[in-house]
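Single-letter residue listing:
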Amino acid sequence: MIYKMLPSREGQQQIFARIDDDGLCRVTCIPENPEFQDHLKNGGELQDADGNVMSAEAAQAFVATLP
C-alpha cells in the first residue's frame with residue numbers, strides 16, 4: 001500500500017489517495033486522517049502527483065508544511 005498525492009487545486013486542501021497492493025484506490029483522505037498519519041509515522045512512503053516516491057522522512061516533512 002502507498003499513498004499518492006493527488007493534483008492540488010488552488011485554495012483547496014490537499015487530497016491523498018490510498019493505493020492498495022492490487023493497484024486500486026479505495027480511500028481518499030486529507031492530511032489529518034489518522035490512518036494516513038500512522039502510515040507516515042510507520043515508515044510509509046508517499047508518491048507525488050508525478051509518480052515520484054518520497055521517503056517516509058521526506059513525506060513527513062512535506063505534510064508538515066501543508067496548511
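One can find the structure itself at the top, above this paragraph.
Residues numbered from 1 in each chain as written. Predicted model: local features only at pLDDT ≥ 70, side-chain atom pairs only at ≥ 80, totals over all residues. Heavy atoms only, no water.

A.B. asks: What should I look at first to understand the sheet that holds strand β4 (residues 46-47) in this one?
C.D. replies: Strands belonging to one sheet form pairs held by backbone hydrogen bonds; the direction of such a pair is parallel or antiparallel. Here five strands make up an open sheet; going across it, the order is β3-β2-β1-β4-β5 and the pairing mixed. With one partner strand each, in any of the chains shown, β3 (25-29) and β5 (53-54) form the two edges of the open sheet. Bridge count for strand β2 (residues 16-19) against β3 is four bridges, and the pairing is antiparallel. Within the sheet, the bridge partner assigned to Arg18 lies in β3 and is Val27. Contacting β1 (2-5), β2, β3 and β4, helix α1 (residues 34-41) crosses the sheet at an angle of about 110 degrees to β1. (Pairing = 2+ DSSP bridges. Helix = DSSP H or I, 4+ residues; strand = E, 2+ residues; numbered from the N terminus. Contact = heavy atoms within 4.5 Å. Axes fitted to C-alpha atoms, helices over the stretch in contact; angles between N-to-C directions.)

A.B. asks: Could you clarify how one ought to interpret the nonpolar core in this entry?
C.D. replies: Grouped burial of nonpolar side chains is what soluble globular proteins tend to show. In terms of nonpolar packing, the biggest core is built from ten residues, these being Tyr3, Met5, Phe16, Cys29, Phe36, Leu40, Leu46, Met54, Ala59 and Val63. Breaking this core down by element, the ones donating at least two residues are β1, α1 and α2 (56-64). In this structure, Leu46 is in contact with Tyr3, Lys4, Met5, Phe16, Phe36, Asn52, Val53, Met54, Ala59, Phe62 and Val63, ignoring residues within four places of it in sequence. (Core = buried A, V, L, I, M, F, W, Y, C linked by side-chain atoms within 4.5 Å. Buried < 20%, exposed > 50% of the residue type's maximum accessible area, 1.4 Å probe, protein only.)

A.B. asks: Mind showing me how you'd approach the pairing of β1 here?
C.D. replies: If a strand is regular, its side chains alternate between the two faces of the sheet. Sheet topology note: the β1/β2 ladder contains four bridges and is antiparallel. Bridge pairing links Lys4 to Ala17 in β2. Here two bridges tie β1 to β4, and the two strands are oriented parallel to one another. Among the inter-strand pairings, Lys4 is bridged to a residue of β4, identified as Gln47.

A.B. asks: Help me understand the side chain of Asp48 in this model?
C.D. replies: Mapped onto the elements of the fold, Asp48 is located in the loop between β4 and β5. Here Asp48 sits buried without a salt bridge, and the closest side chain of opposite charge, Lys4, lies 7.7 Å off (N-O distance). Setting aside chain neighbours within four positions, we find Asp48 in contact with Lys4, Met5 and Met54. (Lys, Arg positive; Asp, Glu negative; His and termini not counted. Salt bridge = Lys/Arg side-chain N within 4 Å of Asp/Glu carboxyl O.)

A.B. asks: In this structure, what is going on with the packing of α1 against α2? I would like to understand it.
C.D. replies: Think of two packed helices as two axes; the pair is described by the angle between the axes and how far apart they sit. Across the interface, α1 lies against α2 with an axial gap of 9 Å and an inter-helix angle of 140 degrees. With respect to α2, the axis of α1 lies oblique. For the pair formed by α1 and α2, the contact residues are Phe36, Gln37, Leu40 and Lys41 on the first element and Ala56, Ala59, Gln60 and Val63 on the second. In the contact of α1 with α2, the residues fall into five nonpolar, two polar and one charged. (Parallel < 35°, antiparallel > 145°, perpendicular 65-115°, else oblique. Nonpolar A, V, L, I, M, F, W, Y, C, P; charged D, E, K, R; others polar.)

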